[in-house]
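# Overview (structure and organization)
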Amino acid sequence: MKKYFVTTPLYYVNAAPHIGHAYTTVAADVLARFRRARGERVHLLTGTDEHGQKIEEAAKAAGRHNLDFCDQTSAKFRELWKHLDISFDDYIRTTEKRHEDKVQELFSRLQKSGDIYKGRYEGLYDVVGESYVKESDAVRGPGGVLLGPESGKPLQRLSEETYFFRLSAYGPRLLEHYRAHPEFLAPASRAPEIARFVSDGLEDISVSRTKVKWGVPVPGDEQHTIYVWFDALINYWSAAGGAQDLWPADVHIVGKEIFRFHAVIWPAMLMAAGLPLPGRVFAHGWWTVEGKKMSKSLGNFVDPYEVTREFGVDAFRYFLLREMPFGNDGDFSTAALKKRYNAELANDLGNLVSRVVNMADSYLGGELPAKAPEGGDACSRRAAARAGDISARVAALDFHGALELIWETIRELNAHVNEQAPWKLAKTDKDKCALVLFDLIHSLRVVAGWIEPFMPRKAAEMQAQLGVRRFPDALTADDVLAGVNSRTGQIQKGPALFPRKE
Ligand code: MSP
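Residues numbered from 1 in each chain as written. Predicted model: local features only at pLDDT ≥ 70, side-chain atom pairs only at ≥ 80, totals over all residues. Heavy atoms only, no water.

## Some words on the pairing of strand E8 (residues 156–165)
- Of the pairings in the sheet, the one linking strand E4 (residues 116–126) to E8 comprises 10 bridges and is antiparallel in character. Each residue of the ladder has a partner; that of glycine 123, found in E8, is leucine 158.
- In terms of strand pairing, E8 meets strand E10 (residues 205–206) through two bridges, oriented antiparallel. Considered in E10, the bridge of phenylalanine 164 is made with serine 206. (Pairing = 2+ DSSP bridges. Helix = DSSP H or I, 4+ residues; strand = E, 2+ residues; numbered from the N terminus.)

## What to know about the packing of aromatic side chains
- Applying the stated rule across the entire model yields 27 aromatic pairs.
- Ring centres of tyrosine 11 and phenylalanine 77 lie 5.6 Å apart, and the angle between their planes is 5°; this geometry places the pair in the stacked category. Here phenylalanine 77 lies in helix H3 (residues 66–83) and tyrosine 11 lies in strand E1 (residues 4–12), a separation of 66 residues in the sequence.
- Judged by relative accessible area, which is 6%, tyrosine 11 ranks as buried.
- Judged by relative accessible area, which is 0%, phenylalanine 77 ranks as buried.
- Seen in terms of ring centroids, tyrosine 125 and tyrosine 132 are 4.9 Å apart; in terms of plane orientation they differ by 75°. Their pairing is edge-to-face. Of the two residues examined, tyrosine 125 and tyrosine 132, each falls in the buried class.
- Lying over the aromatic face of phenylalanine 498, lysine 458 brings its terminal NZ or CZ to 5.4 Å of the ring centre. (Phe/Tyr/Trp six-rings, centres within 6.5 Å; stacked < 30°, edge-to-face > 60°. Buried < 20%, exposed > 50% of the residue type's maximum accessible area, 1.4 Å probe, protein only. Lys NZ or Arg CZ within 6 Å of the ring centre and 35° of its normal.)

## What about helix H6 (residues 191–199)?
- Looking only at H6, the buried set comprises Ala191, Ile194 and Val198. Taken around the axis of H6, the buried residues stretch over an arc of 70°, which confines them to a single face. (Arc of directions from axis to C-beta.)

In structure tokens form, the structure reads like this:
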């Protein structure tokens, strides 16, 4: 049985990770956790992109040997992923032998098939984006200096012998693939720009450098190193390492600025190599910070550790996926985070859990009735009826939409508590009070199952308070939905899940 295989981009090791990298990686993790919770076998791949001119220059500027420099920054990414509870199954570095061997193998394969041939590149290069830039795309800056259209940084003029990849030959097949697999390019709103780019006609691309030493040598022609993007894209396949149950990837999650590399060049490389194509490439939007693009000159990179120190890991994960639809751009600000934290986490969810747990503790001594309440109007039934829609949204990478549905349920539960007023029932109708609280606890267990992929630590705390026994026989979200409750334990009052921030 094939595993569900989800990937993040391989991040450049020239600088420390920031909120943008955390965004993609948290999204991939939520998807992975969500599918695992539903019993699927999942493989989450992330890692670092370590070759090329940009890294070579960064290492030099830091006065370090290339590999030492890469070791250090790659470790920072890995540590951050541990800190953010990213459940990655593999972490690949492009300087690993398992990867370099596969890059050479694929390069040779394409040379043999005639898809790679030798020529000469005369033109512009953007080191920041590690990309070849057409004269017509360059932007003229002050003093006539040519700047990269994306990076806004001065371009280099290259003139060197190079190997080319025959990308131009794959236009019609790519267009046919997009047509036959409308889910391949996501979100759908970004598909037309790719199709247009391909329809306008593709040019062959340079895939080796002679002036850059820090890279995988071209097999049999060691004057050349393989172009860093050609090298890095292969990671998705090299990491699969020929495992029968992995390739092709189900989804590559990437930022919008590298959509073309993943939606045009990568599938063309795979077509040339006769390998199956990934199921989908999803390009999400970009974060600005307090209204501004993050940049070295502004020094406004958001350090995830700083945010989690103040708000906790789970609230950070929540905010990233809640703030804007996955695919749109958004703005990060401490004020916006604090607002959502207090309103949605501390108030809507945290208070609800404390109130219900405290009442179950006071009025029922923490013991629940053994059987689920009967009757169609139970709020746990209404909650459970949303499960299908929530699943469908996460499956479509609509994390924002899924959280919206979950919070609709949470708001309904809050309203239900106020309407039923169990604190009054405790004095007038003890049986009804027990049923209402049971129903609420039951509903919150369902909610805890839903939020686990987004906020694994808080979900576990919540489940402990709600008497969901995780070990040795954990109660799954599906058990809860099916009304299985005999294996649950005592209600345990605990500290506030999200203490208010003043
Ligand atoms: N090394 C290449 C990717 C190779 S994949 C085979 C690269 N690396 S990167 O370090 O620049 O990371 C880019 C990715 O980081 C983006 O595609 C996106 O996933 C994430 N982000 C970086 N900055 C971002 C924002 N400001 N906002 C959202 N995500 C951004 O490109």
